[in-house]
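One letter stands for each residue in the lines below.
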Amino acid sequence: MTSDSTPRLTSSPHDAPAWLALENGLVVQGRSIGADGEASGDLVFNTAMTGYQEILTDPSYAGQGVVLTYPLIGNYGIADEDMESGRAWAEALVIKELSSISSNHRATETLDAWLRRRGVVAIEGVDTRRITKAIREEGSLRFVISTTDSDPASLVAKAKAAVSTDGRDLASEVTCAESYSWTSQFESSFPSTTERWQGERLKCVAYDFGAKRNILRSLVHTGFDVTVVPAKTSAAEVLAMNPDGVFLSNGPGDPSACTYAVEAARELVGKTPVFGICLGHQILSLALGAKTKKMAFGHHGANHPVRDETTGRIEITSQNHSYVVDESTMPAEMVATHWNLNDMSLAGMKHRDHPVFSVQYHPEAAPGPGDSAHLFTRFREMILAQVEAQ
Ligand SMILES: NC(=O)CC[C@H](N)C(=O)O
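Residues numbered from 1 in each chain as written. Predicted model: local features only at pLDDT ≥ 70, side-chain atom pairs only at ≥ 80, totals over all residues. Heavy atoms only, no water.

- The protein appears in an unreviewed UniProt entry as Carbamoyl phosphate synthase small chain from Saltatorellus ferox.
- What UniProt states about the protein under its Subunit (unreviewed entry) heading is, verbatim, "Composed of two chains; the small (or glutamine) chain promotes the hydrolysis of glutamine to ammonia, which is used by the large (or ammonia) chain to synthesize carbamoyl phosphate. Tetramer of heterodimers (alpha,beta)4." (UniProt positions renumbered as here; feature names shortened; annotations may be inferred.)

So this is what it looks like as structure tokens:
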């Protein structure tokens with residue numbers, strides 16, 4: 001609902017054409033709503049109804065363009081506090097319709113102005129259902145979007161030549177240059193589903209493979225003093241910092257290509273409590289001896305049901321991954337703790353003997369529901385239980 005005092009930002013008219021081509025030969029024309037130029041990579045669809053800014057700024061989308069299945073996008077604009085990193089990481093955006101107005105007291109800019117300022121190539125006015133169906137039926141497809149090339153044969157050739165994320169270590173490209181301490185809690189005016197921790201604080205070293213800010217905020221909110229370290233920091237360096245626990249973040253690209261991180265995780269297990277999210281979960285699983293594989297079209301959305309086998313509870317979760325741990329390759333010391341109820345793929349695991357657990361989805365949400373926010377508390381309690389047992 002808007003009142004006269006609710007600011008309204010208006011998008012500029014979009015008359016310039018843009019073209020989208022997929023490697024399967026589909027070419028569609030729409031209107032450019034972002035930067036001029038060309039962008040390419042793997043195209044994934046995200047089914048979340050809100051959260052376009054968090055999606056575009058999530059470093060896990062490096063190497064991927066995003067089709068949003070929700071048909072009207074941009075209606076609440078862009079707000080500084082909704083950034084999940086310092087910049088846009090998704091290669092491109094594909095939507096059905098850009099809202100001509102942004103109506104939101106928190107907004108500082110319209111989506112299209114922000115896309116242009118951030119250099120993101122984006123297209124509206126295309127049949128996103130048709131594109132999503134193509135990805136669902138044929139699996140992940142490489143794409144190109146161009147504001148300069150209208151020749152179908154040339155566009156399809158560019159889509160076929162696009163670089164997919166397979167075999168690519170992108171975590172080392174998106175990580176921070178140096179370590180730093182992260183101190184902010186939730187900036188958003190929306191309340192958290194968990195209480196802010198008031199007692200004694202624990203020390204957490206967080207590996208940045210492309211960490212989303214809401215994960216770091218969630219750790220601080222749950223009572224951790226957080227030091228973020230670059231992706232290639234060795235386990236020895238991390239252990240020398242004497243943390244109470246280590247966190248492995250989400251991130252882009254193919255987990256099996258992050259060999260340095262798998263090596264570090266292998267050395268950390270058994271020496272310190274470890275919690276991993278998404279890419280962090282995949283890296284931890286690889287370190288324990290399991291294998292990862294590419295999914296047909298992945299999980300990118302904000303309403304995936306997951307069953308937590310340790311509690312029997314079902315949570316609605318936020319997800320964003322194209323690779324998954326192959327449960328048939330899990331060694332005996334890896335215990336499956338969570339399943340995605342849409343396709344019964346592995347959604348979480350713990351170590352049989354050591355204080356180590358991880359989830360394939362996003363308890364920090366942003367976007368998405370807060371059902372799983374308690375997992376940060378589980379990390380805290382796992383550390384304290386281990387201290388007591390010693
Ligand atoms: N959000 C993430 O951490 C994604 C992990 C990995 N890049 C994948 O696509 O599966």
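Now, onward.
1. Some details on the nonpolar core
Point 1. Of all hydrophobic cores here, the largest spans 32 residues; its most connected members are Tyr 207, Phe 209, Leu 248, Ile 283 and Leu 284.
Point 2. Sorting the residues of this core by element identifies strand 13 (202-208), helix 7 (235-240), strand 15 (245-248), helix 8 (259-268), helix 9 (279-288), strand 19 (334-340) and strand 20 (345-351) as the ones contributing at least two each.
Point 3. If near-sequence neighbours (up to four positions away) are discounted, Leu 248 is found in contact with Tyr 207, Phe 209, Ala 265, Val 274, Phe 275, Gly 276, Ile 277, Gly 280, Ile 283 and Leu 284.
Point 4. Membership of the second largest hydrophobic core comes to 26 residues, among which are Leu 202, Val 220, Cys 278 and Val 359. (Core = buried A, V, L, I, M, F, W, Y, C linked by side-chain atoms within 4.5 Å. Buried < 20%, exposed > 50% of the residue type's maximum accessible area, 1.4 Å probe, protein only. Helix = DSSP H or I, 4+ residues; strand = E, 2+ residues; numbered from the N terminus. Contact = heavy atoms within 4.5 Å.)

2. Comments concerning the environment of Leu 111
Point 1. Relative to the helices and strands, Leu 111 resides in helix 2 (residues 111-117).
Point 2. Taking the C-alpha atoms as reference points, Leu 111 and Gly 34, separated by 77 residues in sequence, lie 8.7 Å from one another.
Point 3. Residues in contact with Leu 111, not counting those within four places in the same chain, are Tyr 52, Leu 56, Ile 73, Gly 74, Ile 78, Leu 93 and Leu 98.

3. So, the site of the ligand
Point 1. Taken together, the neighbourhood of the ligand is formed by 13 residues, with Gly 251, Gly 253, Asn 320, Ser 322 and Tyr 323 sitting nearest.
Point 2. For the ligand, a nitrogen atom lies 2.8 Å from a polar atom in the backbone of Gly 253.
Point 3. Relative to its unbound accessible surface of 300 Å², the ligand loses 98% to contact with the protein.
Point 4. The set of elements that each furnish at least two residues to the shell around the ligand consists of helix 9 and strand 18 (313-326). (Near = heavy atom within 4 Å. Polar contact = N/O pair within 3.5 Å; in protein donor to acceptor, adjacent residues only side chain to side chain. Areas by Shrake-Rupley, 256 points an atom, 1.4 Å probe, with all protein chains shown as cover.)

4. Re the pattern of salt bridges
Point 1. Summed over the entire model, instances satisfying the criterion amount to 19 salt bridges.
Point 2. Glu 81 is paired through a salt bridge with Arg 106; the nearest N and O atoms lie 2.8 Å apart. Of this pair, Glu 81 sits in the loop between strand 6 (72-73) and strand 7 (92-94) while Arg 106 sits in the loop between strand 9 (101-103) and helix 2, placing them 25 residues apart in sequence.
Point 3. Across the pair Glu 109 and Arg 117 runs a salt bridge, and its minimum N-O distance is 2.8 Å. (Salt bridge = Lys/Arg side-chain N within 4 Å of Asp/Glu carboxyl O.)

5. Here's the deal with the domain arrangement of the protein
Point 1. Parsing the protein into structural domains produces domain 1 (8-161) and domain 2 (171-389).
Point 2. Each of domain 1 and domain 2 has a C-alpha centre, and these two points are 28 Å apart.
Point 3. With 27 residues of domain 1 in contact, the opposing surface of domain 2 contributes 25 residues.
Point 4. Of the roughly 2,000 Å² buried between domain 1 and domain 2 on both sides combined, carbon and sulfur atoms contribute 51%. (Domains from an automatic or database assignment. Buried area = accessible area lost by both parts, 1.4 Å probe.)

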